[in-house]
Amino acid sequence: SEKRETFEFQAEVSRLMDIIINSLYQNKDIFLRELISNGSDALDKIRFLSLSDPEQLGEGDNAELDLRVSFDKDANTVTIRDRGVGMTKQDMINNLGTVAKSGTAQFMEAVAAGGDSNLIGQFGVGFYSVYLVADRVRVVSKHNEDSQHIWESTADATFSVAEDPRGDTLGRGTEITLYLKEDAAEFADETKLRDLLKRYSEFITFPIYLESTKTEEIEVPVEEEEVEEEAEDLNEAAEEGEEKEDEEDAEPKPKTRFETKRTQEWVLVNDQKAIWQRSKEEITDNEYKGFYKAISKDYDDPMSWIHFTAEGEIEFRAILFVPGTAPYDLYDNYYGKASSLRLYVRRVLISDEFDELLPRYLSFMRGVVDSDDLPLNVSRETLQQHKVLKIMGKKLVRKSLELLRKLARDEIAARKQLEEKAAKKAEEGEEGEEQDDAEEEAEARLKETSRQYIKFWKQYGKSIKLGVIEDTSNRSKLAKLLRFRTTKSTDSDDLFSLEEYVARMKPWQKQIYIIAAESLEAAEASPFLETLKAKDLEVIYMTDPIDEYAVQNLPEFDGHRLQSITKENLKFGDEEDVDKKRADLYKDQMQPLVKMITKLLGDKVEKVVISSRVAQAPAVMVTSQYGYSANMERIMRSQAF
Ligand code: ADP
Ligand code: MG
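A brief structural summary. Computed from a prediction, not measured in an experiment: that's the story for all the values here.

**Focus on the overall build of the protein**
Thinking step 1. Across its full length, the protein carries 19 helices and 19 strands.
Thinking step 2. For the protein, buried positions account for 30% of its 641 residues.
Thinking step 3. Sequence separation of at least 24 residues holds for 74% of the intrachain contacts in the protein that already meet a minimum separation of 6.

Written out as structure tokens, the structure reads:
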């Protein structure tokens with residue numbers, strides 16, 4: 001067999017391991033969840049491969065797609081074994097020595113910023129969490145296309161890989177042995193492991209077995225020799241003339257005796273239910289949250305979810321989640337993003353990155369989709385072309401937007417309720433009745449709901465704006481999800497929808513006024529605002545570079561033009577005859593001045609006109625209605641977006 005080779009970890013990985021070993025002390029137990037999750041991924045892969053090539057699965061034990069966890073108290077080790085796809089020698093070198101994504105750097109930043117080991121899975125470096133509890137790790141793996149290999153590292157910047165001298169002992173799959181650090185010896189324990197597995201593996205769809213050792217008192221027959229020996233002893237004693245008188249009454253010699261024996265068995269710890277197949281009514285919030293964590297690599301609760309069954313042209317079940325916090329790389333490589341929904345066909349995972357299921361701007365959504373109507377026995381590529389996926393995609397978008405709309409609606413309703421409560425309290429005066437615990441809890445929930453959409457918006461607002469730009473067919477639904485700071489906002493959380501704006505419009509007001517600027521300060525200081533303020537007209541601030549792009553794609557809302565107050569054609573609707581006459585008069589009188597300025601500025605401007613749009617400032621620069629605003633030109637120059 002080939003020689004043992006030593007490799008150096010990619011420098012990034014080395015630094016990562018150093019941090020994991022030396023500075024992360026909390027949540028050490030997540031290593032188990034990461035390893036189970038990797039084992040489950042590997043099982044998903046072989047199950048998928050076997051759809052088109054049943055030979056891949058093998059037979060006998062190899063076809064048993066399960067995970068097994070065992071431990072050895074004396075040796076201080078924990079071993080996780082899966083019958084997944086396994087790794088070839090090259091896979092081990094690539095996957096357990098380098099990181100594919102740029103996750104490490106971001107993970108380390110997150111740790112520096114106070115994050116803990118909880119974050120590790122999200123950054124695609126979950127395997128290295130083994131070094132939270134172990135200082136030596138051995139991975140034995142057998143892939144269908146290679147001989148069995150052993151990867152080993154003591155976390156000293158190098159790892160070794162060698163062909164396994166024992167030959168093929170696994171059949172297929174991976175066995176990871178952790179040599180626990182002294183301060184992690186608690187993990188080589190059945191109760192500890194069972195508790196962790198119950199917590200972390202509830203929604204793993206493959207059976208997970210834990211090795212259980214029992215000591216039993218068992219009755220074993222006393223062997224012939226022993227009986228004879230005893231008899232001899234007695235004879236000797238008899239010859240020496242001792243205890244002779246008892247001989248006749250002696251108890252009959254026992255034919256059996258008791259022995260302590262250790263028995264070993266595999267105990268199933270999870271029930272592998274597919275939660276999305278169950279009816280909504282019988283699933284608790286905690287189950288949804290647990291399931292979300294199992295599929296998302298996130299350790300925090302989701303913000304919200306929707307569980308539904310689609311019927312009609314194609315039937316499928318789905319659960320969609322909005323993560324509590326946006327993934328750290330949500331807008332990196334935006335145009336190369338695929339959706340992260342897990343697509344199952346009859347409970348078999350086909351893929352977790354299908355472009356067709358959700359458009360890019362919804363790539364933050366997590367969840368599962370399972371259909372019986374898709375062909376199982378096809379490649380991902382063929383499925384990608386399948387028109388059924390497009391139909392599913394449409395429904396998934398609709399449901400996603402429904403979920404977001406509900407977040408927004410509930411928030412508004414909760415705010416109203418809180419206001420009413422506050423008003424009632426004020427009316428009743430100080431002596432209002434004491435709140436009991438239940439009421440207090442209800443109020444706390446109400447308060448949370450009253451902030452949920454703002455929380456969503458702050459993290460995912462840009463996605464909604466991208467949606468307005470990219471998804472023409474859902475544009476009006478998306479427009480309702482937009483939120484902006486306006487001249488009526490009191491602080492940075494006081495954001496309004498276009499619907500709220502329209503509801504507050506003056507009876508004679510026709511347009512929705514917006515001002516785009518580099519910053520809030522710049523917008524607030526703009527001379528363009530003067531007249532509108534004087535007329536008590538609300539103006540929407542657009543200070544995000546993407547805002548103006550979004551608005552260009554949204555010429556109107558609810559029948560009202562979105563009008564930039566820095567562009568020409570600004571109409572107020574309350575202009576009166578007197579104003580008009582005065583304006584005409586000014587136009588006449590100022591003709592010489594206009595001529596002079598026009599000459600002075602030459603082709604730097606398109607035209608110079610007399611206008612009623614400013615109150616204090618003597619003049620403003622306006623862009624033409626169909627041209628770019630000054631702000632947009634600034635953005636385009638800097639390529640900020
Ligand atoms: P991620 O799971 O996010 O890809 P990990 O650090 O957890 O990141 O794992 C790195 C890679 O190592 C996996 O993508 C996979 O290719 C490989 N791997 C890890 N564990 C196993 C396993 N039990 N069986 C097969 N491949 C594995
Ligand atoms: Mg992983």
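Now that the structure is up, let's keep going.
**A closer look at the site of ligand 1**
Thinking step 1. Taken together, 15 residues lie around ligand 1, and Asn-38, Ala-42, Asn-95, Gly-126 and Phe-127 are the ones closest in.
Thinking step 2. A per-element tally of the shell around ligand 1 places helix 2 (residues 30–52) first, with 4 residues.
Thinking step 3. Considering only residue class, the shell around ligand 1 consists of 6 nonpolar, 7 polar and 2 charged.

**A short note on helix 7 (residues 285–296)**
Thinking step 1. Its 12 residues give helix 7 an end-to-end C-alpha distance of 16 Å, which sits within 8% of 16 Å, the value for a rise of 1.5 Å per residue.
Thinking step 2. Within the span of helix 7, buried status applies to Phe-291, Tyr-292, Lys-293, Ala-294, Ile-295 and Ser-296.
Thinking step 3. The secondary structure elements touched by the buried residues of helix 7 are strand 10 (304–310), strand 11 (316–322), strand 12 (340–345) and strand 14 (366–371).
Thinking step 4. Residue Lys-297 follows helix 7 closely and has a positive phi angle near 70°.

**Section: the sheet that holds strand 19 (residues 560–564)**
Strand pairing in a sheet is mediated by backbone hydrogen bonds. Such pairs are either parallel or antiparallel.
Thinking step 1. Taken in spatial order, the 5 strands make up an open sheet running 15-17-16-19-18, and their pairing is mixed. At either end of the open sheet lies a strand with only one pairing partner, and these are strand 15 (485–486) and strand 18 (556–557).
Thinking step 2. Strand direction decides the pairing type here: strand 15 and strand 17 (residues 539–542), joined by 2 bridges, are antiparallel. The residue of strand 17 that forms the bridge with Arg-485 is Tyr-541.

**Here's the deal with the sheet that holds strand 11**
Thinking step 1. Overall, mixed pairing links the 5 strands, which are arranged 10-11-14-12-13 in an open sheet. Each edge of the open sheet carries a strand with a single partner, namely strand 10 and strand 13 (348–351). Neighbouring strand axes in the sheet, compared pairwise and without regard to direction, differ in orientation by 20° on average.
Thinking step 2. Of the strand pairs in this sheet, strand 10 and strand 11 are connected by 7 bridges, and their pairing is antiparallel. Following the sheet pairing, Phe-308 is matched in strand 11 by Ala-318.

**Observations concerning the packing of helix 9 (residues 387–428) against helix 10 (residues 437–449)**
Thinking step 1. Two numbers describe how helix 9 lies on helix 10: the axes approach to 8 Å, and their chain directions differ by 130°. Our classification of the angle between helix 9 and helix 10 gives oblique. Classified by chirality, the crossing of helix 10 by helix 9 is left-handed. Facing helix 9, whose interface residues are Asp-410, Glu-411, Ala-414, Gln-417 and Leu-418, helix 10 presents Leu-446, Lys-447 and Thr-449.
Thinking step 2. Class assignment of the residues belonging to the contact of helix 9 with helix 10 gives a composition of 3 nonpolar, 2 polar and 3 charged.

**As for the environment of Tyr-131**
Thinking step 1. Here Tyr-131 lies in the loop between helix 4 (103–112) and strand 4 (134–142).
Thinking step 2. A C-alpha to C-alpha distance of 9.1 Å links Tyr-131 and Lys-28, two positions 103 residues apart in sequence.
Thinking step 3. Once residues within four sequence positions are removed from consideration, Tyr-131 is found in contact with Met-17, Ile-20, Ile-21 and Ala-155.

Cut-offs and rules
- Residues numbered from 1 in each chain as written.
- Chains lettered and ligands numbered in written order.
- Predicted model: local features only at pLDDT ≥ 70, side-chain atom pairs only at ≥ 80, totals over all residues.
- Helix = DSSP H or I, 4+ residues; strand = E, 2+ residues; numbered from the N terminus.
- Buried ≥ 20, exposed ≤ 12 C-beta atoms within 10 Å, placed from the backbone.
- Contact = placed C-beta atoms within 7 Å.
- Near = placed C-beta within 6 Å.
- Nonpolar A, V, L, I, M, F, W, Y, C, P; charged D, E, K, R; others polar.
- Expected span 1.5 Å × (residues − 1).
- Pairing = 2+ DSSP bridges.
- Axes fitted to C-alpha atoms, helices over the stretch in contact; angles between N-to-C directions.
- Parallel < 35°, antiparallel > 145°, perpendicular 65-115°, else oblique.
- Left-handed = near helix turned anticlockwise from the far one by under 90°.

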